[in-house]
Amino acid sequence: MPAKTHLFLCLKDNYGVLVHDPDSGATAAIDAPEAAPVEAALKTTGWRLSDILVTHHHHDHTGGIAELKQRHRCRVVAPHGEAARIPAVDETVRENDKARVGGLEARVIETPGHTAGHIAYVFAADKLAFVGDTLFSIGCGRVIEGTPEMMWQSLLKLRALPDDTRIYCGHEYTLANIRFARTVEPDNTALAAREKAVEQLVAAHKPTIPSTMGEEKAANPFLRADLPAVAAKVGLAGKPAAQVFAEIRERKNRS
Ligand SMILES: [Zn+2]
């Protein structure tokens, strides 16, 4: 049977999400910003927590791990490069490693830039990608521990996923991201349509994620830095894509 997912808010604007394998009963939390909302989500769904798959070491993604592990004896899977900064790690993973959740299988993609060891988990059979703070809907994470070039390469790896892959990111930043994206690509009709749709979701207090990779490719300026039209819009016609990406990221930092 296909995987089931359950999305919920944590902290101020973080997302928690559970991935459930109906055949085995296994359930993974993707990151654990805090324990209480994860517990509430387990109660709502009736699922049993078997695994926590961690994308990166930031506290707003790991703050609930120790408490959840103590209560559920779940297995904690974390990026190889950041295991020392993440509590209670049982297993570390690198590029192309598999992380299993019961009968479900995720492939690990290393996506450094936001943090040096950041990873994403892709459940190809279910067309689900959990991208942490590397890619946001119509945005991307701040480049904190890496370089813009590194972040651009990480985004290209994610952009190669099939268009119908559902993208789960770590934060509800979509509307603010769209407002910024409109300053880069004011004439992008896909972006204008997304703005309308997202305004309605936000007004109804509904999450704006998951989106799909196809939607992101059409409207997310950070995935479009190699398009001549986008380079021209930021005054960098003919320049390398990584430089265009860096300029867009810098403008977002200042916005
Ligand atoms: Zn982060």
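Below you will find a few notes about this structure. Only a predicted model underlies this, so the values are computations on that prediction, with no experimental measurement involved. (Residues numbered from 1 in each chain as written. Predicted model: local features only at pLDDT ≥ 70, side-chain atom pairs only at ≥ 80, totals over all residues. Heavy atoms only, no water.)

Sheet topology places strand β10 (residues 128–132) next to strand β13 (residues 166–169); 4 bridges connect them, and they run parallel. Looking at the pairing, G132 lines up with C169 of β13. Pairing between β13 and strand β14 (residues 211–212): 2 bridges, direction antiparallel. Counted as the bridge partner of I167 is S211 from β14. (Pairing = 2+ DSSP bridges. Helix = DSSP H or I, 4+ residues; strand = E, 2+ residues; numbered from the N terminus.)

It is worth spelling out the coordination of the zinc ion at this point. Those donors, H56 (NE2), H58 (ND1), H114 (NE2) and D133 (OD), are the protein atoms that reach the zinc ion, and they lie 2.2 to 2.3 Å from it. Within one chain, the residues serving as donors to the zinc ion are arranged as H-x1-H-x55-H-x18-D. Of the two residues examined, H56 and H58, each falls in the buried class. (Donors = N, O, S within 2.8 Å, 3.2 Å for Na, K, Ca; no water. Buried < 20%, exposed > 50% of the residue type's maximum accessible area, 1.4 Å probe, protein only.)

Let us look at the sheet that holds strand β5 (residues 75–79). The strand order β1-β2-β3-β4-β5-β6 describes an open sheet built from 6 strands, whose pairing is mixed. Single-partner strands in this sheet number two, and they are β1 (4–10) and β6 (91–93). Between one strand and the next, the sheet's axes are offset by a mean angle of 25 degrees, whatever the strand orientation. Alignment of strand β2 (residues 14–20) against strand β3 (residues 27–30), held across 4 bridges, turns out to be antiparallel. Bridging from a neighbouring strand, L18 pairs with A29 of β3. (Axes fitted to C-alpha atoms, helices over the stretch in contact; angles between N-to-C directions.)

This brings us to the packing of helix α5 (residues 174–184) against helix α6 (residues 189–203). In the contact formed by α5 and α6, the axes pass within 10 Å of each other and the chain directions differ by 155 degrees. In terms of their interaxial angle, α5 and α6 are classed as roughly antiparallel. Crossing hand, α5 versus α6: left-handed. Only L191, A192, R194, E195, V198, E199 and V202 of α6 make contact with α5, whose side of the interface consists of T174, L175, I178, R179, A181 and R182. (Parallel < 35°, antiparallel > 145°, perpendicular 65-115°, else oblique. Left-handed = near helix turned anticlockwise from the far one by under 90°. Contact = heavy atoms within 4.5 Å.)

Inspection of the entire model under this criterion finds 20 salt bridges. The partner of D13 in a salt bridge is K12, and the shortest N-O contact between them spans 3.5 Å. Since its relative accessible area comes to 16%, D13 is described here as buried. With a closest N to O distance of 2.9 Å, D226 and R159 form a salt bridge. With D226 in the loop between α7 (213–219) and α8 (228–233) and R159 in helix α4 (residues 148–159), the pair connects residues that are 67 residues apart, well separated along the chain. Among the residues examined, D226 registers a relative accessible area of 36% and is labelled partly exposed. A residue is classified by how much of its surface remains accessible, and R159, at 23% relative accessible area, is partly exposed. (Salt bridge = Lys/Arg side-chain N within 4 Å of Asp/Glu carboxyl O.)

Attention now moves to the nonpolar core. Core analysis: the biggest nonpolar cluster contains 52 residues, and L53, Y121, F123 and I248 have the highest contact counts within it. A35, V38, V54 and C74 belong to the second-largest nonpolar core, a separate cluster that totals 19 residues. (Core = buried A, V, L, I, M, F, W, Y, C linked by side-chain atoms within 4.5 Å.)

Quick look at the side chain of E185 now. Tracing the backbone shows E185 in the loop between α5 and α6. Engagement of the side chain of E185 in a polar contact is seen with the side chain of R224, the distance being 2.7 Å. (Polar contact = N/O pair within 3.5 Å; in protein donor to acceptor, adjacent residues only side chain to side chain.)

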